[in-house]
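Remarks on the overall topology
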Amino acid sequence: GVLYGIPLNKILGAGGAGVYGSAYPFYTYLLMLSTAGLPPTIAKLVAESVSKGDPAGAKKIFKISLLLMSGLGLVFSTTLFVFAKPIAVTYAQDPLAQMPIMAIAPAILFVSIMASIRGYFQGLQNMVPTAVSQIVEQVIKIIFGITLAVLLRPKGMEYGAMGAMIGISISELLGLLVVIGFYIKKVPKIDKSIKSDKSAKNIIKSVLSIAFPILLGASIMPLVLMIDTNLIKVRLQSVGYTLESSRELFGLFTQFVNKVINVPGSISLAFCVSMVPAAAAAVAKRDNNLLKRNIFLGYKMSMMVALPSAVGLFVLAGPIMDLLYRSEFVEHPEYFLITTNLLKIMSGGIIFLSILQTFNGLLQGMGKVYVPVISLSIGALIKVVLGYILVGTAFFNIYGAPISTFACYAVAAVIDIAIVKKLTDVKFNQNKFNIKLVSSTSLMGLSVWFGYLALESLWGSRLATVISVFIGVIVFVMGLLIFKVLTKEEMNAIPGGSKLAKIYSLIWERKREA
């Protein structure tokens, strides 16, 4: 996604990125309405059926859910396409967003069907189809999105944004074909003589009872981002900015900075997805110890992604922005300082975002689907009120947007943690774990910063940034092993962790022998 965003932002420029950013939230909101509640519901119900030895019931749940999602996807795709003009003019406050909105509308149908199949595989605790299809989506999006943006940009910034959106629609269609292929080849055949005692009526009732509150929770942030599309530009204009300059600042925040923040955010979202069936299976088996282990492991994994990501992005905020968008800064030097400061503010929010996403998945898997709705609603309300005040203050202006986002994630995450602790009585051993993780992250941060300072004068900022990032990764991994942040069993439980476990054994078993 970042590899797509970097050249795209260079092609479109800050203004074009603002047009793209004005159109995209309306797509994500309607996409969320058609997909957000059902995939985790499918994963949860399928996981429960399989754990109880009812694969036929799991298949029936999937088929009924597929029909529901396909219908919703078709309705919302059509709605977005037909009403693109009034959405762009009235709600996005940018008439240029009309064609990009129309171009991305078909993607909702493709993703709706694809998400139902992914949910089925996730319920079987098979994440491979999701991962492969996502990779295909990103590669195709880069190829078609960038090519079409380049070809159409000379006609105007709105045409360039439209080309990028067409690329997204094509990528989602091909991603759908990939998961269909997995379904045909990988899903085991079930003897048709084996019937499930689950009725279609009861399945629909179960799906809707679980999906609706998940949908409510998932709709909150896309709705807030859609409000931001209007609020940020209107409030900036209230303190003297023009439509053009407010569009550019909006583009810098939503496309230049948030694209970088989305990288660790997408990793923590993967933990959220995996936590739903894991927690659901533990609850179905009434295995409270397994549930506690899953909660603690989910917390550890999210923090191991979030904390080093936050520190790394804060320390190298300026060099990273220079690495990604130097050509844009040559034409507009003031953009460099703005994006650097925005990234520094947003970097801290990664910690709370990661915790929030992981614990939302846990709560959904535990059946406490209304808790994320409440926590996110409170956080979103704080974001809107704080954003309205700060962005409309000349001193803060665009910096009020990341500050309000930070506050939103922090409040919602704290609420989720408190509720999980109360429901499960899980002990996080936070002091012991956090001290170890902070020690590893501190070593990483120092190595990254001093490495960059030493290398920048020799090889320039860009190469120094890349090498410093690799140094940071190596130092952080070594810190995990030295400070025993993860146990050997926990390393084996994560993808690719067996190699770390072997290194762990070599270090500590030899040390004990010595």
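**Concerning the pattern of salt bridges**
The tally for this structure, following the rule as stated, stands at 4 salt bridges. Between Arg247 and Asp94 there is a salt bridge; the shortest N-O distance is 2.9 Å. Of this pair, Arg247 sits in helix H10 (residues 243-284) while Asp94 sits in the loop between helix H4 (84-91) and helix H5 (98-104), placing them 153 residues apart in sequence. When sorted by exposure, Arg247 lands in the same class as Asp94, which is buried.

**What to know about the nonpolar core**
Considering soluble globular proteins, one finds that nonpolar side chains tend to be buried as a cluster. If you look at the biggest cluster of nonpolar residues, it comprises 77 residues, and the most contacted ones within it are Ile232, Ile295, Met321, Leu343, Phe359, Ile398 and Leu437. Per element, the largest residue contribution to this core is 13 residues, and it comes from helix H13 (residues 334-365). Discounting chain neighbours no more than four positions away, the residues touching Met321 are Phe256, Val260, Arg326, Phe329, Phe336, Thr339, Thr340 and Leu343. If you look at the next biggest cluster of nonpolar residues, it comprises 61 residues, including Tyr20, Ile87, Tyr120 and Ala164.

**With respect to the environment of Val477**
Note that Val477 resides in helix H17 (residues 461-482). Residue Val477 is classed as partly exposed on the basis of its relative accessible area of 28%. Val477 sits 37 residues away from Ser440 along the chain, and the two C-alpha atoms are 8.1 Å apart.

**Brief notes about the packing of aromatic side chains**
Counted under the stated rule, the structure contains 12 aromatic pairs. Between Phe395 and Phe396 the ring centres are 5.1 Å apart and the planes differ by 90°, which places this aromatic pair in the edge-to-face class. In this structure Phe395 comes out as exposed when scored by relative accessible area, which is 69%. Taking the ring centre of Phe250 as reference, the NZ or CZ of Lys233 above it sits at 5.0 Å. We note Lys259 situated over the ring of Tyr24; from NZ or CZ to the ring centre the distance is 5.8 Å.

**Topic: H13**
Helix length check: H13 (32 residues) gives 46 Å between terminal C-alpha atoms against 46 Å at 1.5 Å per residue, within 8%. Helix geometry: H13 is bent most strongly at Gly349, by close to 30°. Burial analysis of H13 places 25 of its 32 residues in the buried class, which makes it a mostly covered element.

Parameters at a glance
Residues numbered from 1 in each chain as written. Predicted model: local features only at pLDDT ≥ 70, side-chain atom pairs only at ≥ 80, totals over all residues. Heavy atoms only, no water. Salt bridge = Lys/Arg side-chain N within 4 Å of Asp/Glu carboxyl O. Helix = DSSP H or I, 4+ residues; strand = E, 2+ residues; numbered from the N terminus. Buried < 20%, exposed > 50% of the residue type's maximum accessible area, 1.4 Å probe, protein only. Core = buried A, V, L, I, M, F, W, Y, C linked by side-chain atoms within 4.5 Å. Contact = heavy atoms within 4.5 Å. Phe/Tyr/Trp six-rings, centres within 6.5 Å; stacked < 30°, edge-to-face > 60°. Lys NZ or Arg CZ within 6 Å of the ring centre and 35° of its normal. Expected span 1.5 Å × (residues − 1). Bend = angle between axes of the 7 residues up to and from the residue.

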